[in-house]
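Working through the structure, step by step
Okay, here's what each chain looks like letter by letter:
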Amino acid sequence: MERVVLVTGASGGVGLALCQRLLEEDGRIHLCIACRNVQKSEATRDLLLAAHPAAQVSTVEVDLGNLASVLRAAQELRCRFQRLDFVYLNAGIMPNPQVNFKALWHGLITGKVLHMLTTAEGIMTQTDRLNGDGLQEVFTTNLFGHFILVRQLQSLLCGNEKPSRLIWTSSSNARESAFSLSDYQHANGRESYSSSKYATDLTSVVLNRKFNNQGLYSSVVCPGLVMTNMTYKILPVFMWKLLMPIMWLIRFFAKTYTLTPYNGAEAHVWLFKQKPEYLDLLVKYHSCTTGLGRCYVEARKMDVDEDTAEKLYQKLLELEEQFLEKYSELLD
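Residues numbered from 1 in each chain as written. Predicted model: local features only at pLDDT ≥ 70, side-chain atom pairs only at ≥ 80, totals over all residues. Heavy atoms only, no water.

Per an unreviewed UniProt entry, the recorded name for the chain is 3-keto-steroid reductase/17-beta-hydroxysteroid dehydrogenase 7, and the organism is Xiphorhynchus elegans. Under the UniProt heading Subcellular location (unreviewed entry), the note attached to the chain is "Endoplasmic reticulum membrane". (UniProt positions renumbered as here; feature names shortened; annotations may be inferred.)

Put into structure tokens, the structure is as follows:
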């Protein structure tokens, strides 16, 4: 039987490039694209089928920032499929990103600018807000909505003849310094994106500990610095036009400047071809590109504390319990 692959955030950027590359790798898969906008989802399906007319491509509507939407989508997927082989947890937001030019100038003076430009450490802030469920929007969309989705799809992911895979899109911006267990939704800070991605790394570690023996494996990837709609919101368009030649030059020194969504999906596609039993589950797989444009994958140990990971997981379970009670009518 064909493998079933679910991709969230598939209508643009790395998600769309990933879908295109997966169909190039294996045209026999059943690809299910999960997007919050129905029109974009259908347009994406048409685009993929135009290039791969024989492919099996379906859609499911889901807004990861809306827990009722997540529960409805999970219910639909359980009715539609008997198993899921790959779930790419790729959807994410970075609202109102702003560059701290003072910090960037300080980095230039101290010689730390290359590190800052490749990780956004100290120079990138966001302004978060509460969603309709009273949760922080970035935390919910980037992590908790995906967590609920995985938990609701557990019957499709565990106990299959072959291992199932979770592949989370994390970031080099995932830093412990931006995360706090006492404020794991990051309500009181200005680096909600970094916090949510570090929490993603922690969650993946615990999921492996809990579910490897049931045939479910979790990995995290970093697509590098990719020029997408999310990235273009950071600076005015005219500044990107001025900076792009410089960024192509920086790539000779900063291999994570993948720049294009196609290059950014390199680690995602590489994991599609690997056997999870042989992977290091404490590693993040980075999409990298040489100055001349050759794509490759680099494995780097994650800076995660397993005790902190377990405590975060318990907090997520407690939060899940609250909202499953609230939306009990959406459960089977």
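There's plenty left to go through after this.
Below, the discussion takes up helix α2 (residues 38-51). For an α-helix, the turn length of 3.6 residues means that residues three or four places apart are oriented alike. An ideal rise of 1.5 Å per residue puts 20 Å on 14 residues; α2 measures up with 20 Å between its terminal C-alpha atoms. Within the span of α2, buried status applies to Ser41, Thr44, Leu48 and Leu49. Down the axis of α2, the buried set is contained in an arc of 130 degrees. They therefore lie on one face. Facing away from the buried side of α2 by over 90 degrees, the exposed positions are Gln39 and Ala50. At the N-terminal end of α2, a side-chain oxygen is found 3.0 Å from the backbone nitrogen of glutamine 39, two or three residues along, and the residue is asparagine 37. (Helix = DSSP H or I, 4+ residues; strand = E, 2+ residues; numbered from the N terminus. Expected span 1.5 Å × (residues − 1). Buried < 20%, exposed > 50% of the residue type's maximum accessible area, 1.4 Å probe, protein only. Arc of directions from axis to C-beta. Polar contact = N/O pair within 3.5 Å; in protein donor to acceptor, adjacent residues only side chain to side chain.)

What follows concerns the pattern of salt bridges. Per the counting criterion, the structure on display carries 18 salt bridges. In this structure, glutamate 266 engages arginine 21 in a salt bridge whose closest nitrogen and oxygen atoms are separated by 2.8 Å. Linking glutamate 266 in helix α12 (residues 266-272) with arginine 21 in helix α1 (residues 13-25), this pair joins segments that are 245 residues apart in sequence. Judged by its relative accessible area of 15%, glutamate 266 falls in the buried class. Measuring nitrogen to oxygen at the nearest pair gives 2.2 Å for the salt bridge that ties arginine 80 to glutamate 76. (Salt bridge = Lys/Arg side-chain N within 4 Å of Asp/Glu carboxyl O.)

As a general point, the strands of a sheet are linked pairwise by backbone hydrogen bonds and lie either parallel or antiparallel. Strand order in this open sheet of eight strands is β3-β2-β1-β4-β7-β8-β9-β10, and the pairing throughout is mixed. Looking at strand neighbours, the two that pair on one side only are β3 (56-61) and β10 (295-301), the edges of this open sheet. The average undirected angle you get between the axes of adjacent strands in this sheet is 20 degrees. Against the sheet, α1 engages β1 (4-8), β2 (30-35), β3 and β4 (86-89), with an angle of about 165 degrees to β1. On the sheet, helix α6 (residues 137-152) packs against β1, β4 and β7 (164-169) and is oriented at approximately 175 degrees with respect to β7. (Pairing = 2+ DSSP bridges. Axes fitted to C-alpha atoms, helices over the stretch in contact; angles between N-to-C directions. Contact = heavy atoms within 4.5 Å.)

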